[in-house]
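These are the residues of each chain, in order.
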Amino acid sequence: MPDLPESPTPATPGSEPGSEPGSVSGSGPAPKPAPGSMSGSALGFAYGEGARVSESFGQITVDVDPDGWLGLLESARAEGYEFFDWLTAVDEPPDAFAVVAHLFAPVSRAHLLLRTRVSRADPRLPSAVGVFRGADWHERETFEMFGVVFEGHPNLVPLLLPEGFEGFPLRKDFVLAARVAKAWPGAKEPGESGHGSPSRRKTLPPGVPADWGRERDD
């Protein structure tokens, strides 16, 4: 019986002559990361110039300057972050507001937090409605609660507050005067109900400046 030829040993990636260890044979480009997937310390797409990427408890956060806000949103959507979850602001006295948006990639189930900061003296930011229509009501609420103006928004009018309301109630310097002007309907302090020991020194509720009551009496 004639001898059969030996079967060739399958080549492993990187075993071809001249190839570097760990390299994949073939001249084709490396496969593109799935939408919303991470590529190294990044997420597989360019954040834009000046973008600062960080990670905390598995949450990727990208910070950009206001002029890079729309470009970042557009890049994220193009790479699979198609679900606009929410947008809001954070009061960072004395000089800025942070605007924060959360996106989700349905295919890879990845989350992405985007942030920028606007000046407290003139808080303005391009509207995201042209990129995510779902940003409409979020920007309206942020506008009336913090006073951040979203330029280019199709209908930037109050969403929740009654007509004629003055001020921005989620700013840290907003005086919660109703806590003093209207009696609290709950349990009374000792001595206020006409029974028990004399009342202790009263303190103003949180959100009311220490001198607000005196100015009001004057």
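All of the points below concern the structure found in this document. Along each chain, residue indices are assigned from 1 in the same order as the chain's sequence is written. Thresholds applied to this predicted model are a pLDDT of at least 70 for local features of residues and 80 or more for the giving and counting of side-chain atom pairs; totals over whole chains, interfaces and linings are not thresholded and use all residues. Note that water and hydrogens are dropped before the side-chain values are worked out from all heavy atoms of the structure.

## Section: the overall build of the protein chain
Okay, step 1: Runs of H or I in DSSP of at least four residues are treated as helices and runs of E of at least two as strands, each being numbered from the N terminus. On a plain count of helices and strands, the protein chain comes out with four helices and seven strands.
Okay, step 2: The helix and strand sequence of the protein chain, counted from the amino end, reads β-β-α-β-β-β-β-α-β-α-α.
Okay, step 3: For every residue, the accessible area obtained with a 1.4 Å probe (protein chains only) is divided by the maximum for its type, and the residue is called buried under 20%, exposed over 50%, and partly exposed between those limits. Across the 218 residues in the protein chain, those meeting the buried criterion constitute 28%.
Okay, step 4: Contact definition: two residues touch when any of their heavy atoms are within 4.5 Å. When contacts within the protein chain are restricted to residue pairs at least 6 apart in sequence, long-range pairs at least 24 apart make up 51% of them.
Okay, step 5: Per-residue and other accessible areas follow the Shrake-Rupley method at a 1.4 Å probe size, with only the shown protein chains counted as cover for residues. Counting only carbon and sulfur atoms, one obtains 55% of the accessible surface of the protein chain, whose full area is about 14800 Å².

## Re the packing of aromatic side chains
Okay, step 1: Centres within 6.5 Å make a pair out of two Phe, Tyr or Trp rings, where for Trp the six-membered ring is used; the pair is then stacked when the planes are under 30 degrees apart, edge-to-face when over 60, and tilted otherwise. For the structure shown, the criterion picks out three aromatic pairs.
Okay, step 2: Ring geometry for F84 versus F132: centroids 5.4 Å apart, planes at 40°, classification tilted. Here F84, found in strand β3 (residues 83-92), pairs with F132, found in the loop between β6 (124-126) and α2 (135-146); they are 48 residues apart in sequence, far enough to count as distant. The exposure classification of F84 matches that of F132, with both residues buried.
Okay, step 3: Ring geometry for F165 versus F174: centroids 6.1 Å apart, planes at 25°, classification stacked.

## Notes on the pattern of salt bridges
Okay, step 1: Salt bridges are counted wherever a side-chain nitrogen of Lys or Arg sits within 4 Å of a carboxyl oxygen of Asp or Glu. Under the criterion given, the structure shown has seven salt bridges.
Okay, step 2: Taking the shortest distance from any N to any O, the salt bridge between R52 and D65 comes out at 3.9 Å. In this pair, R52 is assigned in strand β1 (residues 52-56) and D65 in the loop between β2 (59-63) and α1 (69-78), connecting sequence segments 13 residues apart.
Okay, step 3: What makes R52 partly exposed here is its relative accessible area of 43%.
Okay, step 4: Under the relative-accessibility criterion, D65 is labelled partly exposed at 44%.
Okay, step 5: A salt bridge links E92 to R117, with the shortest nitrogen-to-oxygen separation between them at 2.8 Å. Of the two residues, E92 sits in strand β3 while R117 sits in strand β5 (residues 110-119), which places them 25 residues apart along the sequence.
Okay, step 6: Residue classification places E92 among the partly exposed positions, given a relative accessible area of 28%.
Okay, step 7: Taking relative accessible area as the criterion, R117 reaches 46% and is therefore assigned partly exposed.
Okay, step 8: One salt-bridge network, in which partners are shared between bridges, spans D91, R120 and D173.

The values reported here are purely geometric and, on their own, carry no functional implication.
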